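Take a look at the letters that make up each chain.
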Amino acid sequence: MKFHAHVGVVETRDEQTLNEVLVIAKMEGKLLARLAPNLAVLEVDDAREVLETLEKLGKHPKVMR
């Protein structure tokens, strides 16, 4: 078991959206955990990369820090 003090959580409205986001950002193999069908835990830098990828595509996700 790993303990991560600094993680990023990506939450989407549904499982399909999360799957698409992870594929687009090339993060599907970097998941630390999937807490629910629409909730993924990533290293904080990987979560930041997901955010940057979405912004480059003209998406504006809600970010909570």
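The coordinates are above.
Below is a short write-up of the structure. (Residues numbered from 1 in each chain as written. Predicted model: local features only at pLDDT ≥ 70, side-chain atom pairs only at ≥ 80, totals over all residues. Heavy atoms only, no water.)

To continue, consider the nonpolar core. Grouped together as the largest cluster of nonpolar side chains are 11 residues: V10, L18, V21, L22, A25, M27, A40, L42, A47, V50 and L54. Where this core is concerned, the elements lending two or more residues are helix 1 (15-24), strand 3 (39-43) and helix 2 (44-56). When sequence neighbours within four positions are dropped, the list of residues in contact with M27 reads L22, L42, D46, E49 and V50. (Core = buried A, V, L, I, M, F, W, Y, C linked by side-chain atoms within 4.5 Å. Buried < 20%, exposed > 50% of the residue type's maximum accessible area, 1.4 Å probe, protein only. Helix = DSSP H or I, 4+ residues; strand = E, 2+ residues; numbered from the N terminus. Contact = heavy atoms within 4.5 Å.)

Moving on: the pairing of strand 1 (residues 7-11). Two faces, one strand: in a regular strand the side chains alternate between the faces of the sheet. Residues G8 and V10 point to one face of strand 1 and are all buried, whereas V7, V9 and E11, pointing to the other face, are not buried. Where strand 1 meets strand 3, 5 bridges bridge the pair, whose relative direction is antiparallel. Note on strand 3: the bridge partner recorded for V7 is E43. (Pairing = 2+ DSSP bridges.)

Per the counting criterion, the structure on display carries 3 salt bridges. A salt bridge links R13 to D14; the nearest nitrogen and oxygen atoms lie 3.7 Å apart. Judged by its relative accessible area of 75%, R13 falls in the exposed class. Residue D14 is classed as partly exposed on the basis of its relative accessible area, which comes to 30%. Of the charged contacts in the structure, one is a salt bridge between K30 and D46, with a shortest N-O distance of 3.9 Å. (Salt bridge = Lys/Arg side-chain N within 4 Å of Asp/Glu carboxyl O.)

This part takes up the environment of G29. Within the secondary structure, G29 sits in the loop between helix 1 and strand 2 (33-36). A relative accessible area of 75% means that G29 is categorised as exposed.

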